[in-house]
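Chain by chain, the residues:
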Amino acid sequence: MRAHGIYWIAVAVLFAAALGAALAPVNEYFFYAAFVVLQFVVLATAWNILGGYAGYVNFGTGAFFAIGAYTATVLFKWLGAPLAVQIAAGAAMSGLLGFGVGLLTLRLRGIFFAIATVAVTFICETLMINWRYVGGATGLQLERPPVLEPFETYTRMLFVVMALLALGAVSIARYVQVSWIGRGLRAIRDTEEAAEASGVPTLRLKLFACTLSGALMGAAGAPMPMYLSFIEPASSFSLNYSINALAMPMIGGTAHWIGPVVGALLLASTQQIVTVTISNELNVMVVGVLLVLFVVLAPDGIVGLFKRWLRSSA
Amino acid sequence: MFFSWDLLAEAVMFGVLLGSFYAAVSIGLSVSFGLLDVPNVAHPAVMVFGSYCTFVLAGWGLDPILAGLVLMVPFFVLGVLIYRFYYEAFEKRGTDAAVRGLAFFFGVAFIIEVGLILAFGVDQRLVQAEYIGSSLALGDYRIPYRMLVAFGVALLLTFSLSLYLSRSYIGRAIKAVAQDEPALRLMAADPVRIKQWAFGIATGVSALAGAMLIVVGPVEPALDRAYIGRTFCVVVLAGLGSMTGTLAAGLILGIAEQIVLIFFGASWAPAVAFGLLLVVLGIRPQGLFGR
Amino acid sequence: MNFTRRKVLGAVGAGALAASIPARRAFSQNIVKIGMSMPQTGSLGAGGQAALVALRMWVEDVNKKGGLLGRKVELIAYDDQTNPANTPGIYTKLLDVDKVDLLIAPYGTVPTAPIMPLVKQRGKLLMGNFSFQVNHKVQHDMWFNNSPWNDASSWSDGFFAAGKKAGAKTVAFLAADQEFAQNLANGARKLAQQGGIKTVYDQNYPPTTTDFSGLIRAVRAARPDIVFVMSYPNDTVAIVRAVNEIGIGSGVKLFGGGMVGLQFTPNMVNLGSQLNGIVNYNSYVPGIKYPGVEEFLARYAKKAAEAKVDPLGFYLPPFNYAIGQILEQATQAVGSFDDEKLAKWLHANEVKTIVGPIRWDKSGEWAKPRVIQAQFRGVVDKNLEQWRKPGKQVVIYPEEYKTGEVITPFEKARRAK
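Here is what the cut-offs are and how they apply
- Residues numbered from 1 in each chain as written.
- Chains lettered and ligands numbered in written order.
- Predicted model: local features only at pLDDT ≥ 70, side-chain atom pairs only at ≥ 80, totals over all residues.
- Heavy atoms only, no water.
- Helix = DSSP H or I, 4+ residues; strand = E, 2+ residues; numbered from the N terminus.
- Rg over C-alpha atoms; globule rule 2.2 N^0.38 Å.
- Buried < 20%, exposed > 50% of the residue type's maximum accessible area, 1.4 Å probe, protein only.
- Contact = heavy atoms within 4.5 Å.
- Lys, Arg positive; Asp, Glu negative; His and termini not counted.
- Charge placed at Lys NZ, Arg CZ, Asp CG, Glu CD.
- Areas by Shrake-Rupley, 256 points an atom, 1.4 Å probe, with all protein chains shown as cover.
- Pairing = 2+ DSSP bridges.
- Axes fitted to C-alpha atoms, helices over the stretch in contact; angles between N-to-C directions.
- Core = buried A, V, L, I, M, F, W, Y, C linked by side-chain atoms within 4.5 Å.
- Arc of directions from axis to C-beta.
- Polar contact = N/O pair within 3.5 Å; in protein donor to acceptor, adjacent residues only side chain to side chain.
- Buried area = accessible area lost by both parts, 1.4 Å probe.
- Salt bridge = Lys/Arg side-chain N within 4 Å of Asp/Glu carboxyl O.
- Nonpolar A, V, L, I, M, F, W, Y, C, P; charged D, E, K, R; others polar.
- Patch = residues over 30% accessible without salt bridge, like charges linked within 9 Å, V, L, I, M, F, W, Y side chains within 5 Å.
- pLDDT = per-residue confidence, 0-100.
- Disulfide = S-S within 2.5 Å.
- Phe/Tyr/Trp six-rings, centres within 6.5 Å; stacked < 30°, edge-to-face > 60°.
- Lys NZ or Arg CZ within 6 Å of the ring centre and 35° of its normal.

(A) Spatial organisation of the overall build of chain A. When helices and strands are counted, chain A shows 15 helices and two strands. In terms of overall size, chain A behaves like a compact globule, its C-alpha atoms giving a radius of gyration of 19 Å where 314 residues would be expected to give roughly 20 Å. Projected onto the principal axes, the alpha-carbon positions of chain A cover approximately 55 × 45 × 40 Å. In chain A, which comprises 314 residues, the share counted as buried stands at 63%. Taking contacts inside chain A between residues at least 6 apart in sequence as the whole, the part at least 24 apart equals 80%. Of the side-chain charges in chain A, 16 are positive and 12 negative, and the distance between the mean point of each set is 11 Å.

Written as structure tokens, this is what we have:
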């Protein structure tokens, strides 16, 4: 019980810090960059629910993320919906997509599942390219609504919203991990046939993980159109989201909910600094190289290394 | 939508040419993934790397297809090294490592792509050759020579590889490894060395595929993303392990793509390969000729 | 690779890491910073590099005269790689990290479209750089374009007029699915309808398309009289090659119209005779007498040779130099760098530049457009010098710059001298 208490106090403190920063005279660019870092915390955490806990490597993060963004765009353009509604709707649509993708593909093993998720990404992208209402391949310019009190700029508000989403996503992942759902998923990851044989409802659990993962990714994607004031398919569905969402948990550590957080904070912050100081391309190189290094040398990620260090120094 | 029989005939004709090109581009994956079960999603990236190497060699005056043939040797060596590394790091350590092996190849694909951007920039690259830019006139139809060259090379490649696998000693050993590895071990043949050799061939073939790629059209570093769908579609549609199936599957994809492009619009064509892939995975996952 | 960029970025890096910089604008004492992103690689890269040479020439010239309002001008230019996904981040960085005083838009509609809402929200003046109708949705009142067109009519009237004179009744549209081509296509479709020309083919293609054989075949099958193509340099080159490879049909009277990239010298030299017969838009060809442009081009040629970019510099460089002149005159007149005051002055006044006098309308486009339509004739392969004198691009519209009549049909024009 003490662990729970500590966790929720930490959550409250972090949220207060985020709110405080947003109201303080901090350089505007900090919020612009921090938004992206927090977004990856959500994406990495979401990915890990299916990829880390259950062992199903999803390479279609881009699809769920972008569908969340496009849902938000449609609601904004059609109804002028407020941000909260956009996020809820984005999560719902991507959750639905996750459920559908799960039904169709979860019986495929390993690489086939991964390639099927890439297929879903490209097909969703093609659908958006052919839908003129959201701008097709050209894209859509969007004007932000006026910012709510007490925030000075819309970007600061988005930063706080994303902080809330990140804390929420991590809390959900933590709950899943310690609950019977998490145990079931771990059983599936270790040996699916054995789990099936001993009565674990594998299909339902996998579908649940897929839906939840998709929904969280959609929630992360929904604020994007407002963040950029622009949306277009190529960058929204980009495989760059897929490799980041996969690399961050693998580098941080897939067994524990804190792994994706560590991986995302470290990797995304590095990327933001690299973008500002050197170049954009080097970002993807950083991710690729670190992923390969960790996957080969430190399969349990940073959390795994930390645990080993703790044990060895005990 | 504007329909005419002439247009359909042209679509099919061009689809056949394009399709055999797709088959040639996928045949390396047929070996590495179809036969050896290596989750090589970096295959298109290696192929694009081959295109850039061809570009460099062509810049020194070499004919692109010749350059591709020359590159097959260093790429073979590269393939052997990659497989060796993959085996030591992942395959040896059991099934849990399979997930990480997949992640490894994704990482490699991105590293290659970014490496190309850093080395060459994002601009498109082309090669020049006698046969690029003019076409053969057959009645009312005009068939570009570059497609005919790619078609010819593709057919030669597919048939020679098929023959090699079924007639030569090593080729049959590769097929044996794919079918029943323990039995092979019992017969005192080293499956790891055989698989290494096979992966080397698959990568060497990718070099030639890369040369064909830059002959057929301009290349840029992110082109591998467009070919993940096509190559996996062809390999899965063919059925894992079937070489002749690869040719048939390539033709089907090529024709389907051209028909969609001409009659439904260029904006739907990119989804054809992936759509076909999902359909195959859904209805008949073992493909046309699979085991 | 990009040494200038590295130097600047290095200087910026230190500032960037200290995220706790207070959020008030800091005017450096003796420097005025002008920030932009320029596509130096990617589809528009060849044009962007040439444009940047011209802008740097202006910076050098103005600094020799004492700078702007007594302050030295520093130009910060990043490479957006012609990728619209990169520009919002770059312009946010320019405003919040580099803390620039003035903004110039990237060259081209596609990289500029995403930053229009951002710039409007931040209340910044934006100097347009050869974008087409990129402000028509956002209606930012502090946008001023440097390109000689206004709406689709200013662009395509000449093209359609030539077609109708040749007796054309049908048109085929082939447009890339991106901001520039779609803006132009939307306008052109209406004009065709108003002009009584029937649309027999209308296709958008994804901007990443590289093989056009299928599309050209489909266009040919529709048997149009005019083919109006709206494309960006990569696709433009591919389309020209495809047409030369498999043919567009003997019935086509006019081909071209809105093909970006046929104005870049490297493409002109590489495509050579494949260009013959195409009727396309341009902003300047040798022979047009803008005040001071020929002297500028002579100076530009030297700088371009050093930088190893487009040695002729006809299309963008004069108009990019003009951006500098516009900023010069506006800041001089207003006496400050205040965005609103500058915008107000620019809306009310005419500016004299090396591409002639410019006056803007309400939405920041030229009140008097000056787009020319020209037909390529008698171009030979691998020859740079042929372009320096008038004659290879015969201007067919508008009247005041006309140098010849258009030759139709397209196949006949391809063989004409």
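Once the structure has been displayed, the description carries forward.
(B) Broad picture of the overall build of chain C. Tallying secondary structure elements over chain C gives 14 helices and 14 strands in all. Its C-alpha radius of gyration of 21 Å places chain C within 12% of the 22 Å reference for a compact globule of 417 residues. If you line up chain C on its principal axes, its C-alpha atoms span 65 × 40 × 35 Å. Here the analysis covers contacts within chain C between residues at least 6 apart in sequence; of these, 69% occur between residues at least 24 apart. Counting every atom, chain C has about 14700 Å² of accessible surface; 52% of that belongs to carbon and sulfur. For chain C, the distance from the average position of its 50 positive side-chain charges to the average position of its 35 negative side-chain charges is 2 Å.

(C) Summary view of the sheet that holds strand β6 (residues 170-176) of chain C. Residue and element names in this part refer to chain C. On the basis of which strands lie adjacent, the open sheet formed by seven strands has the order β7-β6-β8-β9-β10-β13-β14 and mixed pairing. Pairing within the sheet leaves two strands with one partner each, and these edge strands are β7 (198-205) and β14 (393-397). Put simply, the sheet's adjacent strands are angled 25° from each other on average, direction ignored. Sheet contacts for helix α7 (residues 179-194): β6, β7, β8 (226-231) and β9 (254-259); angle to β6, the most-contacted strand, approximately 165°.

(D) Highlighting the nonpolar core. Phe21 of chain B together with Leu125, Phe160, Ile239 and Phe255 of chain C are the most contacted members of the largest nonpolar core, which totals 371 residues. Looking at which element gives the most residues to this core, the answer is helix α2 (residues 28-53) of chain A, with 19 residues.

(E) Here's a closer look at helix α13 (residues 339-348) of chain C. All names here are of chain C. For α13, the set of buried residues is Asp339, Leu342, Ala343 and Leu346. For α13, the angular spread of the buried residues around the axis is 100°, confining them to a single face. Turned more than 90 degrees from where α13 packs its buried face, Glu340, Lys344 and Ala348 sit exposed. With a side-chain oxygen positioned 3.0 Å from the backbone nitrogen of Glu340, the residue opening α13 is Asp338.

(F) Region of the structure containing the interface of chain B and chain C. Contact residues are listed per partner, giving 23 residues for chain B and 24 residues for chain C. For the pair chain B and chain C, the summed buried surface comes to about 2100 Å²; carbon and sulfur atoms form 54% of the total. At the boundary of chain B with chain C, the tally comes to four salt bridges. Our count for the chain B to chain C interface comes out at six residue pairs in polar contact (both at pLDDT 80 or more). Of the residues that constitute the side of chain B that touches chain C, the class distribution is eleven nonpolar, seven polar and five charged.

(G) Structural view of a nonpolar patch on the surface. A cluster of nonpolar side chains, contributed by Trp78, Leu79, Trp131 and Tyr133 of chain A, occupies part of the molecular surface with about 470 Å² of accessible area. Residue classification places Tyr133 of chain A among the partly exposed residues on the basis of a relative accessible area of 31%.

(H) Focus on the environment of Asp361 of chain C. All names here are of chain C. Here Asp361 is to be found in the loop between β12 (356-358) and β13 (372-376). By relative accessible area, Asp361 is classed as partly exposed at 22%. Counting along the chain gives 184 residues from Asp361 to Asp177, while the straight-line C-alpha distance between them is 28 Å. Once you skip the residues sitting within four places of it in the chain, Asp361 turns out to touch Asn150, His347 and Ala367. Reaching out from Asp361, the side chain makes a polar contact with the backbone nitrogen of Ser363 at a distance of 3.0 Å.

(I) Highlighting the pattern of salt bridges. Across all of its chains, the model carries 28 salt bridges over all chains by this definition. Glu257 of chain B serves as the salt-bridge partner of Arg230 of chain B, at 2.9 Å between the closest nitrogen and oxygen. Pair noted here: Arg230 of chain B is in helix α9 (residues 223-238) and Glu257 of chain B is in helix α10 (residues 243-264), with a separation of 27 residues, a long-range link. Judged by its relative accessible area of 17%, Arg230 of chain B falls in the buried class. Among the residues examined, Glu257 of chain B registers a relative accessible area of 6% and is labelled buried. The closest approach of N and O atoms between Lys402 of chain C and Glu399 of chain C, which form a salt bridge, is 3.7 Å. Exposure remark for Glu399 of chain C: the relative accessible area of 63% places this residue in the exposed category. Overlapping salt bridges bring together Lys165, Glu399, Lys402 and Glu405 of chain C as one network.

(J) Local environment of the confidence of the model for chain A. Confidence in the prediction of chain A, expressed as mean pLDDT, is 90, and 99% of residues score 70 or more. The spread of mean pLDDT over the elements of chain A runs between helix α8 (residues 192-197) of chain A, the lowest at 78, and helix α3 (residues 61-79) of chain A, the highest at 96.

(K) Layout of the interface of chain A and chain B. With 37 residues of chain A at the contact, the number on the chain B side is 38 residues. In this assembly, chain A packs against chain B so that about 3300 Å² is buried in total across both faces, 84% of it on carbon and sulfur atoms. The largest contributions to the chain A side of the interface with chain B come from Ile111, Phe112 and Ile115 of chain A, which together make up 17% of the buried area. Seen at the junction of chain A and chain B, the total is four residue pairs in polar contact (both at pLDDT 80 or more). When residues of the side of chain A that touches chain B are traced back to their parent elements, those giving at least two are α5 (110-129), α12 (239-252) and α14 (281-297) of chain A. Looking at which element gives the most residues to the side of chain A that touches chain B, the answer is α5 of chain A, with 13 residues. Looking at the side of chain A that touches chain B residue by residue, the class counts come to 27 nonpolar, seven polar and three charged.

(L) How the structure looks around the state of the cysteines. Residues and elements named next belong to chain A. Tallied over the full model, the rule gives zero disulfides over all chains. Note on Cys124: no disulfide assigned, nearest cysteine sulfur contributed by Cys210 at a separation of 13 Å. With a relative accessible area of 8%, Cys124 lands in the buried category.

(M) Summary view of the packing of aromatic side chains. Across all of its chains, the model carries 62 aromatic pairs over all chains by this definition. For the pair Tyr52 of chain B and Phe120 of chain B, a centre-to-centre distance of 4.6 Å together with 40° between the ring planes defines the contact as tilted. Taken as a pair, Tyr52 of chain B in helix α2 (residues 43-59) and Phe120 of chain B in helix α4 (residues 96-120) lie far apart in primary sequence, 68 residues in all. Judged by its relative accessible area of 1%, Tyr52 of chain B falls in the buried class. By relative accessible area, which is 23% here, Phe120 of chain B ends up partly exposed. Stacked on the ring of Tyr133 of chain A, the Lys or Arg Lys77 of chain A has its end atom at 4.2 Å from the ring centre. Taking NZ or CZ as reference, Lys93 of chain C lies 4.5 Å from the ring centre of Tyr78 of chain C, over its face.

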